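Chains, contacts and geometry: an overview
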Amino acid sequence: MKAELVKRPRRLRLNQNIRDMVRETSLDVKDLIYPYFVVEGENVKEEIEAMPKVFHFSIDKLVKDVKETYELGIPAILLFGIPSSKDEVGSQAYASSGIVQRAVRAIKEAIPSMIVITDVCLCEYTSHGHCGVVENGYVDNDKTLELIAKTALSHVKAGADMVAPSDMMDGRVGCIRQILDSEGYVTVPIMAYSAKYASGFYGPFREAAQSAPQFGDRRSYQMDPANSDEALRAIALDIEEGADIVMVKPALAYLDIIRRAKDSFKVPLATYNVSGEYSMIKAAALKGWLDEKVVALESLTSMKRAGADMIITYFAKDAAKWLTTR
Ligand code: PBG
C-alpha cells in the first residue's frame, strides 16, 4: 500500500533550502513603494490614529524619514499632501508653493536617487472632499481634467520623478501626457490608478488625508466592486492614453483583478495595499489575534503571486526589515 505512494509532494517541502529552491514567487524590497502624508508646519510627526506607525510629517521630519526609507533599500515613495487651506477648486493642489511641491523639492535635494512619485488628485484640496470640480452636485469630468493636468505638471516642475493620477476622471492620463510632453517632460512616466474601486477599505486614509467627501460618495467616478471586465477596459484605455504603469486598487479583495490584468496586458502592474487592509492587520495584531509579520508578508507575497510587479504599502518599511533579517 505504501509503495503505491510514488507521488509525494511533501518531498519538496522537507526543509527551508528545498522549499526555497522550488519557490515560485519572491518578494523583494525593490518591489515596494512607501506612501507618505506631508503636512504644513515644523517638527511635526503625528501618528494617524487608525494607522499605527504611519505619520503626518512636516517637511523637515519627512526628509529625515525618507532617508531612513532609502537606506532600507526601498526604491520609491508615493507622496500625498494635506494643505492648510482648501477651496472649491482645490487650488493648493497646483500651487507652485503647495505642500507637495515644496516637499518634493526638499526630498529631491536631500536624497536625489529616491524615486518620488506624487499622487495627483484634488480630494485632499477641495472643501467638499471630491476628487474634482463639483457642478450641481456632480463631479464635472472635463473641467476637472484641466486642473488634474495642471497639478501633475506642477509636481513635475518641482522635481517629481513620476506622477500617479488617482482621480478616476475619464481621459486624465491622456491630458497629463499631453501637458507634460508639451512642456518638455517627455521622460516622466505616468503610473495610472487604472482600476480603482469605490472601496470601503479607504476609510483610514480619508482620516489621514482629511479627504472624506462632504456629501455623497465617489461611486460616480470610482469603479463598482462587482465588476471585473470593466477593470480590463479601464486599464486598456489608460494604456492607450499613455500610462506607463497601471494599477489595481485595493489589493487583497481584488487579487482576481490583478491576475486578469497581468494575463491581459504586458505592462508593469502595480497594486495598492490600501489603508484599511493595513489597519485590519494592525488592529488584529494589537489584540494578539494575528501574527503581524507572518500575515503581512503572506499578504504581500499573495499580491506578487497574483501578478503585481510592485506594491504600494504602508508595510513597506517593516517588510524591508523583515525581508533582510530573515
Ligand atoms: C485619493 C486617494 C485615495 C487613496 C489614494 N488616493 C482615497 C480615495 O479615493 O478616497 C486611498 C489610499 C488608501 O486607502 O490607502 N483619491
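Computed from a predicted model, the values in this text were never measured in an experiment.

1. What to know about the pattern of salt bridges
One pass over the full model with this rule turns up 18 salt bridges. As a salt-bridge pair, Arg260 and Asp229 come within 2.9 Å of each other at their nearest N and O atoms. Here Asp229 lies in helix α7 (residues 229-241) and Arg260 lies in helix α8 (residues 255-264), a separation of 31 residues in the sequence. For Arg260, a relative accessible area of 33% gives the class partly exposed. A single network of salt bridges, built from pairs that share partners, joins Lys53, Lys282, Glu292 and Asp318.

2. Overview of the packing of aromatic side chains
Taken as a whole, this structure holds 12 aromatic pairs when the rule is applied. Consider the rings of Tyr34 and Tyr36, whose centres lie 4.9 Å apart with planes at 85°: the pair is edge-to-face. Across this residue pair, the class does not change: Tyr34 and Tyr36 are buried. Taking the centre distance of 5.0 Å and the plane angle of 75° together, the rings of Phe80 and Phe205 count as edge-to-face. One end of the pair, Phe80, is in strand β4 (residues 76-82); the other, Phe205, is in helix α6 (residues 203-208), with 125 residues separating them in the sequence. The class of Phe80 is buried, set by a relative accessible area of 2%. The buried category is assigned to Phe205, whose relative accessible area is 13%.

3. Some details on the site of the ligand
Around the ligand, the structure places 17 residues, and the nearest of them are Lys196, Arg206, Lys249, Ser275 and Tyr314. For the ligand, an oxygen atom lies 2.8 Å from a polar atom in the side chain of Arg206. Contact distances for the ligand include 2.8 Å between an oxygen atom and a side-chain N or O atom of Gln222. Contact with the protein chains covers 100% of the free accessible surface of the ligand, which is 400 Å². Looking at the shell around the ligand, its residues break down into nine nonpolar, three polar and five charged.

4. Observations concerning the pairing of β4
By the criterion of burial, β4 is predominantly enclosed, with seven of the seven residues buried. Alternating positions in β4 separate into two faces, Ala76, Leu78, Phe80 and Ile82 on one and Ile77, Leu79 and Gly81 on the other, with burial throughout. Two strands pair when backbone bridges link them, and strand β1 (residues 32-39) and β4 are joined in this way by seven bridges, in the parallel orientation. Considered in β4, the bridge of Val38 is made with Gly81. With respect to chirality, the unit in which β4 leads through helix α3 (residues 99-110) into the neighbouring parallel strand β5 (residues 115-120) is right-handed.

5. Here's the deal with helix α9 (residues 275-286)
Between its terminal C-alpha atoms α9 stretches 16 Å, which fits the 16 Å expected from 12 residues at 1.5 Å a residue. Of the positions making up α9, those classed as buried are Ser275, Gly276, Glu277, Tyr278, Ser279, Ile281, Lys282, Ala284 and Ala285. Buried positions along α9 lie against β3 (51-58), α6, β11 (269-273), α10 (292-306) and α11 (316-325). Just past α9, the residue Gly288 takes up positive phi, approximately 80°.

6. Focus on helix α2 (residues 59-71)
For α2, with 13 residues, the first-to-last C-alpha span of 18 Å sits near the 18 Å given by 1.5 Å per residue. Considered for burial, the residues of α2 that qualify are Ile59, Leu62, Val63, Asp65, Val66 and Thr69. The inward-facing, buried residues of α2 abut β1, β2 (45-48), β3, β4, α3 and α11. Backbone geometry just downstream of α2 places Gly73 in the positive-phi region, at approximately 95°.

Definitions and cut-offs
Residues numbered from 1 in each chain as written. Predicted model: local features only at pLDDT ≥ 70, side-chain atom pairs only at ≥ 80, totals over all residues. Heavy atoms only, no water. Salt bridge = Lys/Arg side-chain N within 4 Å of Asp/Glu carboxyl O. Helix = DSSP H or I, 4+ residues; strand = E, 2+ residues; numbered from the N terminus. Buried < 20%, exposed > 50% of the residue type's maximum accessible area, 1.4 Å probe, protein only. Phe/Tyr/Trp six-rings, centres within 6.5 Å; stacked < 30°, edge-to-face > 60°. Near = heavy atom within 4 Å. Polar contact = N/O pair within 3.5 Å; in protein donor to acceptor, adjacent residues only side chain to side chain. Areas by Shrake-Rupley, 256 points an atom, 1.4 Å probe, with all protein chains shown as cover. Nonpolar A, V, L, I, M, F, W, Y, C, P; charged D, E, K, R; others polar. Pairing = 2+ DSSP bridges. Right-handed = clockwise from strand over helix to strand, strands pointing away. Expected span 1.5 Å × (residues − 1). Contact = heavy atoms within 4.5 Å.

None of the figures reported here should be taken as evidence of function without further support.
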